[in-house]
Amino acid sequence: MEFRKEIEGLRGVAVLLVVLAHAGVPGFAGGYIGVDVFFVISGYLITGRLAQERADTGDISLMAFYARRARRLLAPLAVLLLVVAACTVHLLPMSAWQLQLDSLGWAALWASNVFFSNASFGYFSEGADTSLLLHTWSLGVEEQFYLIWPAVVLLLCRWRGRNALVVGCWLLVLAGFAAAVVAAEYASVSAYYQMPFRLWQLAAGAAVQLTFGARDGVARFTVLFHVLGAALLAVSAVFFVPEWISYPGAWALLPTLGASLLLLGGRDVPLQARPLRWFGRISYSLYLWHWPAITLAVACLGTSPAIRAGAAIASIPVAWLSWRFIETPVLRRPIGDGRAWVAVFLATAAVFAGTAHWSSWQIAKIELSAQQPPVLRTVALPALYSDPSCDEFYSASRVVPCRLVSQAEPGRPRVILAGDSVAAQWSTALSAIAVARGWDLTVITKSSCPMVDQSFVYAPIKRRYVECEQWRDGLVEYLHAHPADLLLLGSSAAYGFSPQEWEQGGSRLLARVAPTADQVLVLAPTPLLPFNASQCIQSVFSMNTAGTPADDSCSAALADVRPDEVTSRIGAAVATQPNARLIEVADLVCPDGLCRAEQGGVMHYRDGQHLNAAYVLSLAPALGHALDAATGHPAGK
């Protein structure tokens with residue numbers, strides 16, 4: 001096929017959008033739509049080549065096709081997998097090894113999308129976004145599509161010729177899009193990762209190539225296509241904020257259409273700009289390397305925007321080296337009859353996958369506590385999580401009151417704690433206070449469900465968190481049916497709400513629950529650490545020859561991490577109810593102006609936002625005094 005510079009430039013746009021989004025650059029939160037652009041380009045180019053081969057030779061060589069794919073993709077990915085394995089062993093704690101090895105094994109089989117779609121990630125376990133190979137899901141989608149696509153093209157051409165292939169592509173686009181929209185509603189994670197719900201985007205590129213490949217009939221609309229295509233990509237990249245929309249679903253139509261229009265626009269001068277073409281040339285290597293670089297930097301150095309951006313920038317020269325010394329030399333080697341390439345591909349995949357899965361199985365049998373610094377053995381969850389029904393995460397929306405302290409004597413103060421997991425962390429201290437003061441304490445919690453009457457899209461489930469909304473409504477009903485003497489509410493500050501949403505959503509919820517209790521106390525959000533506490537301690541321990549990290553090795557200044565804006569907005573919402581008060585906890589949690597991962601052999605935080613149960617218990621006296629000050633008298637009297 002004729003080389004088209006503007007498509008190389010469009011690949012540069014796509015990879016830059018993805019890197020900017022993953023680096024957390026403001027204004028590019030929706031840059032992940034670059035993956036959709038890649039899907040369209042891939043379908044366009046590969047189908048064009050297959051159709052041309054059929055026209056030139058009267059047939060399609062499946063062996064040659066798979067050999068070309070192996071030559072194009074295998075070597076850079078194999079080097080990446082080796083580097084990821086080495087970095088996992090030398091830079092990450094052993095507790096993180098199993099996820100990395102599992103995802104590596106699936107990535108070697110070009111099936112990591114299947115792994116991430118079906119893996120069960122609990123709320124307190126390592127999430128998919130901590131995998132160094134999460135981004136390989138899109139490679140899995142493409143290669144699974146191309147496993148069957150050449151045969152489909154060949155069969156349709158033999159059956160009814162090129163026209164049947166064109167009609168088949170458009171039907172696949174329409175049917176696939178409808179299936180993807182339905183799946184986004186009922187199986188959102190599968191809709192995001194699984195090939196059957198993404199194939200319509202690859203088929204869209206194929207349909208555009210087969211229908212308008214020559215572009216003779218659309219030349220008069222070139223400028224219009226350029227403008228509309230660029231506008232659709234720009235709008236998607238700026239406004240498709242993950243917390244705002246469920247993706248892909250119907251929203252994926254915009255970037256898919258935008259990429260298709262830019263391909264129809266032909267040889268557009270802006271897309272042929274040298275910088276864009278340079279990034280397009282190294283786009284495969286840059287896509288491979290940028291995500292592990294960012295994820296490793298976050299794991300080892302912290303979550304600040306500067307660290308993410310620095311890691312993304314550092315991945316660019318690494319990607320160039322990969323392109324120059326791995327990708328390019330391999331692409332120059334002849335295909336031959338293709339059998340050798342396919343054999344190498346299968347053997348490499350088998351070796352990597354077999355080794356990774358065997359290693360993961362071995363890791364699962366190791367007692368991890370023996371490999372950890374002693375302080376990590378103090379990490380504990382609140383006792384309420386011993387009963388799985390007390391917090392069913394997104395698997396259910398029912399309200400399950402968990403009675404932690406029950407007083408036999410009637411007439412004792414009835415206290416209810418409600419909120420997300422950050423509110424639930426205080427249950428350890430409140431249980432001790434309840435026992436001392438004769439309270440009847442009930443905890444009602446839903447992880448990742450804030451005490452803000454505001455809908456949002458929860459990233460791990462790739463859709464709107466409707467269970468949270470239903471649970472909040474159920475909570476309000478329960479509180480009206482079971483009034484409390486004292487109601488405590490709390491949430492994390494980690495949600496992506498705007499300041500106005502924090503205040504207005506908080507006001508709406510408080511207006512609904514304030515009449516259900518004599519007094520309502522809202523616990524301000526815990527300061528967020530710019531790193532994972534347990535991982536930081538493990539890293540310091542591994543690098544410290546003395547074997548014992550200093551107390552302040554993993555700490556952050558309270559002034560830098562205090563969630564002042566969110567707390568202020570919550571305080572404004574609290575002020576709308578006469579029986580509500582706000583309890584500040586930042587100075588209680590971070591004494592002396594320092595938020596520590598651990599001190600004196602006890603973990604303070606167990607990750608980046610949750611306090612450790614043992615530390616919370618030590619804060620019970622201070623929390624009791626704060627409750628007394630907020631209520632105006634000892635709450636137990």
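In the block above lies the structure referred to throughout.
The text that follows walks through the structure, step by step, so that each part is easy to find. These figures come from a predicted structure and were not determined experimentally. (Residues numbered from 1 in each chain as written. Predicted model: local features only at pLDDT ≥ 70, side-chain atom pairs only at ≥ 80, totals over all residues. Heavy atoms only, no water.)

So, the packing of helix α1 (residues 5-22) against helix α2 (residues 34-57)
Between two packed helices, what matters for the description is the angle formed by their axes and the separation of those axes.
Here is step 1 of the chain: The N-to-C vectors of α1 and α2 enclose an angle of 155 degrees; their axes lie 8 Å apart at closest approach. Here α2 runs roughly antiparallel to α1, going by the angle between their axes. Considering only the axes of α1 and α2, their crossing is left-handed. Between α1 and α2, the contacting residues are Ile 7, Leu 10, Arg 11, Ala 14, Val 15, Leu 17 and Val 18 on the first element and Gly 34, Val 35, Val 37, Phe 38, Ile 41, Tyr 44 and Leu 45 on the second.
Here is step 2 of the chain: Residues that form the contact of α1 with α2 fall into these classes: twelve nonpolar, one polar and one charged. (Axes fitted to C-alpha atoms, helices over the stretch in contact; angles between N-to-C directions. Helix = DSSP H or I, 4+ residues; strand = E, 2+ residues; numbered from the N terminus. Parallel < 35°, antiparallel > 145°, perpendicular 65-115°, else oblique. Left-handed = near helix turned anticlockwise from the far one by under 90°. Contact = heavy atoms within 4.5 Å. Nonpolar A, V, L, I, M, F, W, Y, C, P; charged D, E, K, R; others polar.)

Focus: the sheet that holds strand β1 (residues 402-405)
Here is step 1 of the chain: Taken together, the six strands give an open sheet; going across it, the order is β1-β3-β2-β6-β7-β9, and neighbouring strands pair in mixed fashion. The sheet is open, and its two edges are formed by β1 and β9 (580-583), each paired on a single side. Averaged over all pairs of adjacent strands, the angle between strand axes in this sheet comes to 25 degrees, irrespective of strand direction.
Here is step 2 of the chain: Across six bridges, strand β2 (residues 414-419) lies against strand β3 (residues 440-445) in parallel orientation. Bridged to Arg 414 within β3 is Asp 440. (Pairing = 2+ DSSP bridges.)

Regarding helix α14 (residues 305-331)
Here is step 1 of the chain: Helix length check: α14 (27 residues) gives 36 Å between terminal C-alpha atoms against 39 Å at 1.5 Å per residue, within 8%.
Here is step 2 of the chain: When the local axis directions of α14 are compared, the greatest deviation, roughly 40 degrees, occurs at Trp 323.
Here is step 3 of the chain: Listed in full, the buried residues belonging to α14 are Ala 311, Ala 312, Ser 315, Ala 319, Ser 322, Trp 323, Glu 327, Thr 328 and Val 330.
Here is step 4 of the chain: Contacts from the buried residues of α14 go to α1, α3 (62-91), α12 (274-281), α13 (283-301) and α15 (339-364). (Expected span 1.5 Å × (residues − 1). Bend = angle between axes of the 7 residues up to and from the residue. Buried < 20%, exposed > 50% of the residue type's maximum accessible area, 1.4 Å probe, protein only.)

What about empty space enclosed by the protein?
Here is step 1 of the chain: In total, this model carries three cavities of 30 Å³ or more according to the counting rule given.
Here is step 2 of the chain: The volume enclosed by the largest cavity comes to roughly 120 Å³.
Here is step 3 of the chain: What lines the largest cavity is simply Met 451, Val 452, Leu 489, Gly 490, Ser 491, Trp 502, Gly 506, Leu 510, Val 522, Leu 523, Ile 570 and Ala 573.
Here is step 4 of the chain: Among the elements of the structure, β6 (484-490), α19 (499-513), β7 (517-523) and α22 (564-574) are those that each provide at least two residues to the lining of the largest cavity.
Here is step 5 of the chain: The element that contributes the greatest number of residues to the lining of the largest cavity is α19, accounting for three residues. (1 Å grid on protein atoms, 1.4 Å probe; cavity = no way out; pocket = protein on both sides within 12 Å on 5 of 7 lines; lining within 4 Å. Points joined across faces, edges and corners; volume = space filled by probe spheres on them.)

Observations concerning the packing of aromatic side chains
Here is step 1 of the chain: The full count for this structure, using the stated rule, is 29 aromatic pairs.
Here is step 2 of the chain: Ring geometry for Phe 456 versus Phe 497: centroids 5.6 Å apart, planes at 90 degrees, classification edge-to-face. With a gap of 41 residues between them, Phe 456 in the loop between β3 and β4 (457-458) and Phe 497 in the loop between β6 and α19 connect regions that are remote in the sequence. A single burial state applies to Phe 456 and to Phe 497, both of which are buried. (Phe/Tyr/Trp six-rings, centres within 6.5 Å; stacked < 30°, edge-to-face > 60°.)

Focus on the state of the cysteines
Here is step 1 of the chain: What the rule picks out here adds up to four disulfides.
Here is step 2 of the chain: Residue pairing for Cys 449: its cysteine sulfur links by disulfide to Cys 468, the two sulfurs lying 2.0 Å apart. Across the disulfide from Cys 449 to Cys 468, rotation about the S-S bond amounts to roughly 80 degrees, and the bridge is consequently right-handed. A residue pair is termed long-range when its members are at least 10 positions apart, and Cys 449 in the loop between β3 and β4 and Cys 468 in helix α18 (residues 466-481) qualify at 19 residues.
Here is step 3 of the chain: Judged by its relative accessible area of 0%, Cys 449 falls in the buried class.
Here is step 4 of the chain: With a sulfur-sulfur separation of 1.9 Å, Cys 536 is cross-linked through a disulfide to Cys 554. Where Cys 536 bonds to Cys 554 through sulfur, the torsion about that S-S bond is close to -90 degrees, and the disulfide is left-handed. (Disulfide = S-S within 2.5 Å.)

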